[in-house]
Amino acid sequence: MAYFHSLLFFSLCNTCTCQSPGAPSYRSAPHRRGGATSQGLFPALQPHIPATRSAAHLETKEDLAHFVVCHVSAQSNRMAGARVKFLSVVGFSLICLKMVASTKTAPEIPTIDQAYSKISNSITVEWATVPGATSYLLTAKDGNTVVETMVANSPGTVTGLKAATLYQITIRSISPAGRSQASPPKQAKTVLAAPILQVSSPSSDSILVQWEAVYMAIGFSVSIMQANGLGRIWKENTTNTSLTFTSLDSGTLYTIKAYAWNANGTPGDDSTCNQRTSPGTPANIQVSFDSGALKASVSWAPTEGAFNYTVMALSDSSRLSCSTTFSSCIIYSLQCGTKYLISVSASNDAGSSRSTSAVTLKTVACAPGRVAIQEDPPGHLSVAWSNVDLGDYYVAFVKSDDGLEVHCNTSLTQCNFLSECGFTYFISVFAYNKAGQSPLGDVFNYTTAPCCPSDINPVLVSSDRVEIVWSPVRGAELYETKAVDGFNVVECNDTAPACTLSALECDTKYNITVYSFSEVRGSNTSCTSQFITTAPCSPEIKNISKDDFSMINVRWQSTNDEATYTVTAQGEKGLHQCSSTGESCILGGLPCGSVFSVTAVAETPAGRSLPSYSVPLETGACCPLGVKLYRLGPNGIRIHWQASRGSANYSTDLYGSKGIFTCAPSAGLSFCDVTEIPCGDVYTVMVSPVAETGLKLTFCPKKIYSVTCSGSTLGMVIYRGKRNVE
């Protein structure tokens, strides 16, 4: 049923004339349904649109619902069922009347007073207020482009427009009853676009402003002032697309504003940006050098507007730097013996300042190299080294292992020191300049030659051996003793301070030297020598002869010079000696019948030789004892004696006026008979031992006997009382 009423309503409205004051009338096109037309039912309905509104203005359902007035006339009564149709028309007419009773009047059309542009993407419109209007619709049209904006009251602004563009501007008022028709159009042109700025600070006192060309612009205005509002404002006009402001304060934040104008002088949008000038060059640079750590502390006066500082240290071979936000910085790892140019620059978001004038820093010199140490002559230590860059003078330190330290200061490259034997010296060399002392280089050690023994005490043990002792000396690890006689060398080595030289030549002058030795330095060749002459050579006994029973002549052979010889006969009955500077001497007073060992020794100021080989010596038999004579008859005499110790042959001699009578007993007998000896005579009797050589020793005492002719033919011969006869 609702569907039927809706169809009936639209069908009726299509056959009625709708009109509202100030609104257009509308007549719909004929509508056919079931072969009949509404024209047949309501032939009197005709559309009517007032001249003040156009049909095109009825754009919405509200236009029809609020402004339609329907006049319905029922004229047809010729059709079958006309009553029913009339009643339906009456019902619809009541509905239309109810609608007409609730309809309101649309607002008036606004009139634009002025339209202008202050911003390049908008146009501002001013108009008189329309009574009953609750809002306004602004329309800007550029060719086929339409931009609409709903605003509440005047003035209103259409945004989203293109810069420097001519627009047709219209406005409509809107109220709950609807909207008005568009106002008569008014032209307005948007202003120029704002320049797009690019700013930079090429120096600490300038700012460069650049921009791209702006459409329809013939000139530009650029102004600058400190962002904090202090100071003056600079303003420049130009037709270029860049401008530089100079004589600005360094490190200061500035605000830059720029706009373009057109041929009419109308300014466009402005652009605003901030730019800081780069900082000024730091001043009052101070450099402090730490020679021990090889670092430099650099300080300066703070610079306005600086965010950061960079310190550069440049040399011929290196580039060092440090950065900080403070007003000091430390540069590490500086090289010795190097000259650096140190500069400081400040920076901020605008860039860097110019570097300061370089400050020259000379670091300490490097430690001298190629150190050479030489001990020549002993006791004099020479230290030499190479020259180094930036070294003004040098100091060499020499410290011995007993803690004593000496040094020398020189501008040359060599120092000489007194040294002692057997010490180890620790040597270091430093270079100096105004920056200080060079780093510690290599520490060298030098061990001097060991000391020489000074209290050498040679002791002759024998003619071919010498024992030498001395006190230990500092630095010696081994001792080497040499004995040189010109051609031959005898030596011995030992760690003990003693040496025995054997197999020496007797009666020879030797040059004896004791050298000290260390593994580090070798032998000390400066040790002094001393001469020693060995004991004389032993003589060689060549002959022993017996001059008589108590005198022995000993002869020898020797090569000694100016020696005194002593011959010694050693036997049971004592020791007998004789001395001579020649080659023989006589031993006297040797007891008869004794055995001796005869040796000879030589003696010089150097000592005594070894004894010669011993030669045995046996002295002859002793003179017999108890010699007695017995008569053996008228003409015979027996001589009897008591033999001495040892075996010996004897010979008996009787000397008388009538002749000499001799007899030799058989071996082992102690008597001898002399026959045919005249009586009546006095005889001198001597019994003598006979040597092995047959030599008769005639040193025995003589006795005198008287031989008488009277008496018995047997009996003892009368002893006359004399034991010896000279």
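Let me sum up the structure you'll find in this document. Going along each chain's sequence as written, the residues are numbered from 1 onward. Since the coordinates come from a predicted model, pLDDT governs what is reported: local features require at least 70, and pairs of side-chain atoms require 80 or more to be given and counted, while whole-chain, interface and lining totals use all residues. The side-chain values count all of the structure's non-hydrogen atoms but skip hydrogen atoms and water molecules.

**Considering the pairing of strand E17 (residues 267-276)**
Phase 1: Pairing of strand E16 (residues 253-261) with E17 involves eight bridges; the strand directions are antiparallel. Residue pairing for E17: Ile256 is matched across the bridge by Cys273.
Phase 2: When DSSP finds at least two bridges between two strands, those strands are taken to pair. Secondary structure counts use DSSP, requiring at least four H or I residues in a row for a helix and at least two E residues in a row for a strand, with both numbered from the N terminus. A loop of five residues connects E16 with E17, the two strands running antiparallel in sequence, and Gly265 in this loop sits at a positive phi of about 80 degrees.

**Quick look at the packing of aromatic side chains**
Each aromatic ring pair is summarised here by two numbers: the centre-to-centre distance and the angle between the ring planes.
Phase 1: Working definition: rings of Phe, Tyr and Trp (its six-membered ring) pair if their centres are within 6.5 Å, and the pair is stacked with planes under 30 degrees apart, edge-to-face with planes over 60 apart, and tilted otherwise. The full count for this structure, using the stated rule, is 11 aromatic pairs.
Phase 2: For the pair Trp385 and Tyr394, a centre-to-centre distance of 5.8 Å together with 55 degrees between the ring planes defines the contact as tilted. Here Trp385 and Tyr394 have matching classes, each one buried.
Phase 3: Ring geometry for Tyr393 and Tyr432: centres 5.2 Å apart, planes at 5 degrees, overall stacked. Linking Tyr393 in strand E28 (residues 393-400) with Tyr432 in strand E31 (residues 424-433), this pair joins segments that are 39 residues apart in sequence.
Phase 4: Using a 1.4 Å probe on the protein chains alone, a residue whose accessible area is under 20% of its type maximum counts as buried, one over 50% counts as exposed, and one in between counts as partly exposed. When its relative accessible area of 31% is taken as the criterion, Tyr393 is described as partly exposed.
Phase 5: Judged by relative accessible area, which is 15%, Tyr432 ranks as buried.
Phase 6: Criterion for a charge above a ring: Arg CZ or Lys NZ at most 6 Å from the ring centre, at most 35 degrees from the ring normal. In this structure, Lys509 packs its charged tip against the face of Phe531, placed 5.0 Å from the ring centre.
Phase 7: Sitting over the ring of Tyr655, Lys702 keeps its end group 5.9 Å from the ring centre.

**Section: the sheet that holds strand E11 (residues 197-203)**
Phase 1: Pairing is antiparallel across the open sheet formed by three strands, whose spatial order is E11-E12-E15. Across the chains shown, the open sheet's two edge strands, defined by having one partner strand only, are E11 and strand E15 (242-245). Pairs of neighbouring strands in the sheet enclose a mean axial angle of 20 degrees, with direction left out of account.
Phase 2: Two elements, E11 and strand E12 (residues 206-211), share five bridges in a ladder whose sense is antiparallel. Of the residues in E12, the one forming a bridge with Val199 is Val209. To define axes, lines are fitted to C-alpha atoms, for helices over the stretch in contact only, and angles between the resulting N-to-C directions are given on a 0 to 180 degree scale.

**Structural notes on unusual backbone geometry**
Phase 1: Cis geometry is adopted by the peptide bond preceding Pro155, which originates at Ser154 and carries an omega value of -5 degrees.
Phase 2: That bond from Asp376 to Pro377 is cis: its omega, -5 degrees, falls within 30 degrees of zero.
Phase 3: Here Pro377 lies in the loop between strand E26 (372-375) and strand E27 (380-384).
Phase 4: Positive phi, close to 60 degrees, is recorded for Asn284, a residue that is not glycine.
Phase 5: By secondary structure assignment, the location of Asn284 is in strand E18 (residues 283-290).
Phase 6: By relative accessible area, which is 53% here, Asn284 ends up exposed.
Phase 7: Even without being glycine, Glu562 reaches a positive phi, approximately 50 degrees.
Phase 8: Looking at the element boundaries, Glu562 is found in the loop between strand E43 (551-557) and strand E44 (564-571).
Phase 9: The exposed category is assigned to Glu562, whose relative accessible area is 78%.

**Looking at the sheet that holds E26**
Phase 1: The sheet built from three strands is open, its strands ordered E26-E27-E30 with antiparallel pairing. Of all the strands in the sheet, just E26 and strand E30 (414-418) have a single pairing partner and so form its edges. Here the average twist between neighbouring strands, direction ignored, is 20 degrees.
Phase 2: The pairing of E26 with E27 spans four bridges and is antiparallel. Across the sheet, Gln374 pairs through a bridge with Ser382, a residue of E27.

**A word on the state of the cysteines**
Phase 1: In plain terms, two cysteine sulfur atoms within 2.5 Å form what is called a disulfide here. Throughout the structure, instances matching the rule amount to nine disulfides.
Phase 2: With a sulfur-sulfur separation of 1.9 Å, Cys452 is cross-linked through a disulfide to Cys527. Since a negative S-S torsion denotes a left-handed disulfide, the Cys452-Cys527 link at about -90 degrees is left-handed. With Cys452 in the loop between strand E33 (444-447) and strand E34 (457-462) and Cys527 in the loop between strand E40 (522-523) and strand E41 (529-533), this pair connects stretches of sequence that are 75 residues apart.

**A look at the pairing of E28**
Phase 1: Of the strand pairs in this sheet, E28 and E31 are connected by eight bridges, and their pairing is antiparallel. Residue pairing in the sheet places Val398 in a bridge with Ile427 of E31.
Phase 2: Pairing of E28 with strand E29 (residues 405-410) involves six bridges; the strand directions are antiparallel. By the bridge assignment, Lys399 is partnered in E29 with Glu405.
Phase 3: As consecutive antiparallel partners, E28 and E29 are separated by four residues, and within that stretch Gly403 has a phi angle of approximately 100 degrees, a positive value.

**Looking at the nonpolar core**
Phase 1: What we call a nonpolar core is a set of buried Ala, Val, Leu, Ile, Met, Phe, Trp, Tyr and Cys residues that are connected through their side-chain atoms within 4.5 Å. Counting 21 residues, the largest nonpolar core has Phe289, Val298, Trp300, Val311, Leu334, Ile342 and Leu361 as the members making the most contacts within it.
Phase 2: Elements represented by at least two residues in this core include exactly E18, strand E19 (295-301), strand E20 (308-314), strand E22 (328-331) and strand E23 (339-348).
Phase 3: The greatest single-element share of this core, amounting to four residues, is contributed by E23.
Phase 4: Not counting residues up to four positions away in its chain, the partners in contact with Trp300 are Pro282, Ala283, Asn284, Ile285, Tyr309, Val311, Thr324, Phe326, Ser327, Ser328, Cys329 and Val344. Every residue pair with non-hydrogen atoms within 4.5 Å of one another is taken to be in contact.

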